[in-house]
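A closer look at the structure
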Amino acid sequence: MTFVWTIAILLSLLAIADLVVGVSNDAVNFLNSAIGSSVASRRTIYWIAGAGLIAGTFFSTGMMEVARKGVIYPQNFYLTELMVLFLAVMIVDVILIDTYNTLGFPTSTTLAVVFELTGAALAIAVLRTNHTVPGEMVLTDYINTGRVFLLFSGILVSILFAFLTGAIVQFISRLLFTFSYHGRFRILFSFFGAFAISIILILIFKKGVETPAVWDAPVLKWFSTNPVFQFPTIFAITFFVLYLLGLLFQIDIPRIVVLFGTFALALSFAANDLVNFIGVPLAGIESFKAFLISGHGGGPDNFSLYFLNDEWLRNHGFEDGIYVSFFLLSGIVMMLTLFYSRKARSVTETEMYLGRQLPGREHFEPSQLSRTMVRHFLTLFKKIENIMPDRMHRFISSRYKKDENISDFKQVDEVIYFDSLRAMVNLVVASILISIGTYWRFPLSTTIVVFMVAMGTSLADQAWGRESAVYRISGVLSILGGWFITACLGFLGAFILTLLLWWGSWITIIVSVLFMILFLSRSTKYHKKRQTERELFKEELSNEISRNIGWIKNTGSDTVRRLMLESSKIYMLMVQGLLDEDETELFEITRKTENLKNQIKNAKTEFFSALGRLPEEAQDSGQFFIQALDYLTELGNTLSAMVVPAYNHIKNHHKGLIDYQQEDLNTLLDETTAFFNFMVHVEKDKKFMMFHELMQRQEAVFNLIENFRLQHIRKIRKGSGKTRINILYMELLGETRNLILYSVNLVKSLKNFFG
């Protein structure tokens, strides 16, 4: 009995944890359009979305049936078995979703919970069928395989359907309104805005009247009994309000629709996806509560759960104060998560960058599959273009013509994403699709629907141009693959943990919970570190709006100096790690080197963009800054040529440096440290009159390296050392020389630039 009590308490606590990690991942579903189009401040958007979340929790009772009987057959489980199953599902779900949050990947919480329940139920079924029991049941008596297959098929279909729907609606919208729609098409926007809002409101009302205890209002009763007048009435009122606001106050109608869509999508999300976070704990608590009330004398090990087949929660849930409190608390936790979760911002940022209107720094590297898809698409596009009538081609091109100053696009954190028209399409299409799924009690994955709609509108809006298509498609494919990895990991994780919890009892529960807490702590620290690195990148994004040589001199100099310092630090740590034969340190250095190369690449891309906007008289001096960036690239490549062989040498446990090589490298490390310190001093204080002294120091280091080389060759002839370490040592000396050479050339380029 104490065992079941403990699990019931843990389920309540895990519900809160799952709400936090779940909303951190799924917040992107209803925030990305409003934030990406900058229709209001972040805080205003959060308040609107938060109100939608709290309202949506009271529409979610019907969806709670999915956790109770949508995936498993509860009547074939006993209470203890079901509580162990639910505990395994919750622990795995928290760890799995938090992993995706840390990486900044939007994933499907619906997919996760369905396959976690399937895996855990399979584990219990295996335990049951391994015993000799009369009338032994088969696995399909425990798992609703037909429902699981239907859910999975629906998710697969929704991927393509949501993408195509978003693309088609966005294409038609752009043909109608173009990119220059501000202050125009007031009647047309009012019509389409009223149409979209009316459909969403009707779906919300229809969902709401299923819980009369909450929506016991005369207007809703009238709507439910007079369906013919529902749409015309709401449409007429909404059209009048939108047109009046646009006419009298010059309010951007798409902005109003986006804000309403944010509320509606947050409401739909809470109504549809709240089951993913609290459905399992709620079913466990409901089962335990029924056991206590029943006074069953046989104990929880043989207490049947037939009652979970009833739809009591749907019909009577709000008559019980416990459930009302549970739903209200869930809404508050989700709302607070919006305001304070840093991981939610990371996930939101990933999706918004994939749909960004203009090219720039990309978050994903191209894959062979993305290159192949782009190549075939371009071939198909050219064929369609050749057979398309010239008149139609000119018309479509004219509707997609954009102003070069991109004034129609808002900026968020100094990055241009998309306009309010695309945001409106994203929200309205996704809201309607999800509301229909919720109304039919079909647990669509809101993440999949919203994400694929956003990607479809991005494609139709020509956001995936020749400069960015391979990167964006690679990102979409990565996230699609992540969804199926979610299903596999959720299934296997819940299956294994359920077995361990059943066999290990108290010990496994304690170990699992402690591991989960440790994992969450470590992932939070890792995410904070990544965010700090990203903040450094964001400091460079101001060049999106910079147009003068003075900014290049100030910000550019700071960026180059920071990267120079990081290069020298990596070199020193690499040499020390090789001397100490520290594999862990060298592995960390390889990561730092790759990070440095990415920073250099991003800086080069951004500064090239800024230099292209310089006045003509300043562009001649700008070439010297380009030279400095080229030498920075060579610095990164040189470090990589040293770090990787050193790490591989130690990782493979080859023989380390012999005594005289260690002495030489210690001496060289002291000299190069002094050289880099002096070089940074010259550049930081702009004391370029001391460049001659820098050249002398360079020559001194070169002479030292040449001396070490000659001595080493003599010792090799005498049979000193092993071949592998001799090669590594000689390469290290050569690359150190290159490192010094490129550093001096970099400072020389800056000297000419500031000259």
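Everything here concerns the structure above.
Residues numbered from 1 in each chain as written. Predicted model: local features only at pLDDT ≥ 70, side-chain atom pairs only at ≥ 80, totals over all residues. Heavy atoms only, no water.

1. Quick look at the environment of Ser-445
Convention followed: Strands are runs of DSSP state E lasting at least 2 residues, helices are runs of H or I lasting at least 4, and numbering of each runs from the N terminus. Only heavy atoms matter for contacts: two residues are in contact if any of them lie within 4.5 Å across the pair.
Here Ser-445 is to be found in the loop between helix H17 (420-439) and helix H18 (446-460). The sequence separation of Ser-445 and Thr-109 amounts to 336 residues, and the corresponding C-alpha distance is 7.2 Å. Once you skip the residues sitting within four places of it in the chain, Ser-445 turns out to touch Ser-108, Thr-110 and Ile-155.

2. Quick look at the side chain of Asp-98
For clarity, the cut-off: Pairs of N or O atoms within 3.5 Å make up the polar contacts considered here, provided that, within protein, one atom can donate a hydrogen while the other can accept it, and that residues adjacent in sequence are counted only when both atoms are side-chain atoms.
With respect to the helices, strands and loops of the structure, Asp-98 is situated in helix H5 (residues 79-103). Here the side chain of Asp-98 touches Ser-523 through a polar contact of 2.5 Å, side chain to side chain.

3. Observations concerning the packing of aromatic side chains
Our working rule: Aromatic pairing here means that ring centres of Phe, Tyr or Trp (its six-membered ring) are within 6.5 Å. Orientation follows from the plane angle: under 30 degrees is stacked, over 60 is edge-to-face, and everything else is tilted. Between buried and exposed lies partly exposed: a residue is buried under 20% and exposed over 50% of the maximum accessible area for its type, with that area taken using a 1.4 Å probe on protein chains only. In this analysis the charged atom, NZ for Lys or CZ for Arg, is taken to sit over a ring once it is within 6 Å of the ring centre and within 35 degrees of the ring normal.
On inspection of all chains with the given rule, the structure shows 19 aromatic pairs. Between Tyr-46 and Phe-339, the aromatic rings sit 5.4 Å apart at their centres with planes inclined by 70 degrees, giving edge-to-face as the arrangement. Of this pair, Tyr-46 sits in helix H3 (residues 42-57) while Phe-339 sits in helix H13 (residues 321-340), placing them 293 residues apart in sequence. Judged on exposure class, the residue Tyr-46 and its partner Phe-339 are both buried. Between the aromatic rings of Phe-675 and Phe-676, the centroid separation amounts to 5.7 Å while the plane-to-plane angle is 70 degrees, which identifies the pairing as edge-to-face. The buried category is assigned to Phe-676, whose relative accessible area is 4%. In this structure an aromatic cluster arises from ring pairing among Phe-177, Phe-189, Phe-191, Phe-192, Phe-235, Phe-239 and Tyr-243. Above the face of the Tyr-660 ring, Lys-715 is positioned so that its terminal group lies 4.9 Å from the ring centre. Over the aromatic face of Phe-702 sits the side chain of Arg-737, whose NZ or CZ is 4.0 Å from the ring centroid.

4. Regarding unusual backbone geometry
Residue Gln-462 is not a glycine yet carries a positive backbone phi of 60 degrees. Its location among the elements puts Gln-462 in the loop between H18 and helix H19 (469-539). A positive phi angle is found at Ser-505, which is not glycine, with a value near 50 degrees. Mapping Ser-505 onto the fold places it in helix H19. Residue class for Ser-505 comes out partly exposed when judged on its relative accessible area of 25%.

5. Quick notes on a nonpolar patch on the surface
Threshold: Each patch is assembled from residues with relative accessible area greater than 30% and no salt bridge, linking like charges that lie within 9 Å and nonpolar side chains (Val, Leu, Ile, Met, Phe, Trp, Tyr) that lie within 5 Å. Surface accessibility in these figures is a Shrake-Rupley result with a 1.4 Å probe; residues are shielded only by whichever protein chains are displayed. A side-chain nitrogen of Lys or Arg and a carboxyl oxygen of Asp or Glu constitute a salt bridge if their distance falls within 4 Å.
A cluster of nonpolar residues, Leu-160, Leu-164, Ile-168, Phe-171, Ile-172, Leu-176, Leu-188, Phe-191 and Phe-192, forms a patch on the protein surface that exposes about 750 Å² of accessible area. Elements with a minimum of two residues in the nonpolar patch: helix H7 (145-177) and helix H8 (186-208). Tallying contributions element by element places H7 first for the nonpolar patch, with six residues. Looking at where Ile-172 falls in the secondary structure, it is placed in helix H7. For Ile-172, a relative accessible area of 44% translates into the label partly exposed.

6. Topic: the nonpolar core
The following threshold applies: Side-chain atoms within 4.5 Å link the members of a nonpolar core, which is a set of buried Ala, Val, Leu, Ile, Met, Phe, Trp, Tyr and Cys residues.
Phe-30, Leu-31, Leu-85, Phe-86, Leu-338, Met-452 and Trp-483 are the most contacted members of the largest nonpolar core, which totals 140 residues. Top contributing element to this core by residue count: H5, with 17 residues. Every residue in contact with Trp-483, bar those within four places of it in the chain, is listed here: Pro-106, Thr-107, Ser-108, Leu-111, Ile-159, Thr-447, Ile-448, Phe-451 and Met-452. If you look at the next biggest cluster of nonpolar residues, it comprises 55 residues, including Ala-603, Ala-628, Leu-669 and Ile-705.

7. Overview of helix H24 (residues 691-717)
Inclusion rule: How far a helix is expected to stretch is found by multiplying one less than its residue total by 1.5 Å.
With 27 residues, H24 extends 39 Å between its outermost C-alpha atoms, agreeing within 8% with the 39 Å of an ideal straight helix rising 1.5 Å per residue. Turning to H24, its buried residues are Phe-691, Leu-694, Gln-698, Val-701, Phe-702, Leu-704, Ile-705, Phe-708 and His-712. Where H24 is buried, its residues contact helix H23 (659-684) and helix H25 (723-754). At the C-terminal side of H24, Gly-719 shows a positive phi close to 85 degrees.

8. Focus on a negative patch on the surface
Rule in force here: By the counting scheme adopted, Arg and Lys are positive, Glu and Asp are negative, and His together with the chain ends is not counted. Taken as the charge centre is NZ of Lys, CZ of Arg, CG of Asp or CD of Glu, depending on the residue.
Residues Asp-580, Glu-581, Asp-582 and Glu-583 make up a contiguous surface patch of negative charge. Mapping Asp-582 onto the fold places it in the loop between helix H20 (549-580) and helix H21 (583-611). Taking the relative accessible area as the measure of exposure, Asp-582 reaches 34% and is therefore partly exposed.

9. With respect to the pattern of salt bridges
A side chain of one charge can pair with a side chain of the opposite charge if their charged atoms are brought near each other. Here the structure, examined in full by the defined rule, presents nine salt bridges. In this structure, the salt-bridge partner of Asp-419 is Arg-174, at a minimum N-O distance of 3.0 Å. Separated by 245 residues along the polypeptide, Asp-419 in the loop between strand E2 (415-416) and H17 and Arg-174 in helix H7 bring together distant segments of the chain. The salt bridge partner of Glu-588 is Arg-591, with a shortest N-O separation of 3.1 Å.

10. A look at a positive patch on the surface
A cluster of basic side chains, namely Arg-714, Lys-715, Arg-717 and Lys-718, defines a positive patch on the protein surface. With respect to the helices and strands, Arg-717 occurs in helix H24. Arg-717 gets classed as exposed once you look at its relative accessible area, which sits at 72%.

11. Thoughts on the side chain of Ser-24
Within the secondary structure layout, Ser-24 lies in helix H1 (residues 2-26). A polar contact is formed between the side chain of Ser-24 and the side chain of Ser-341, at a distance of 2.8 Å. In this structure, Ser-24 is in contact with Asn-101, Thr-337, Ser-341, Lys-343, Ala-344 and Val-347, ignoring residues within four places of it in sequence.

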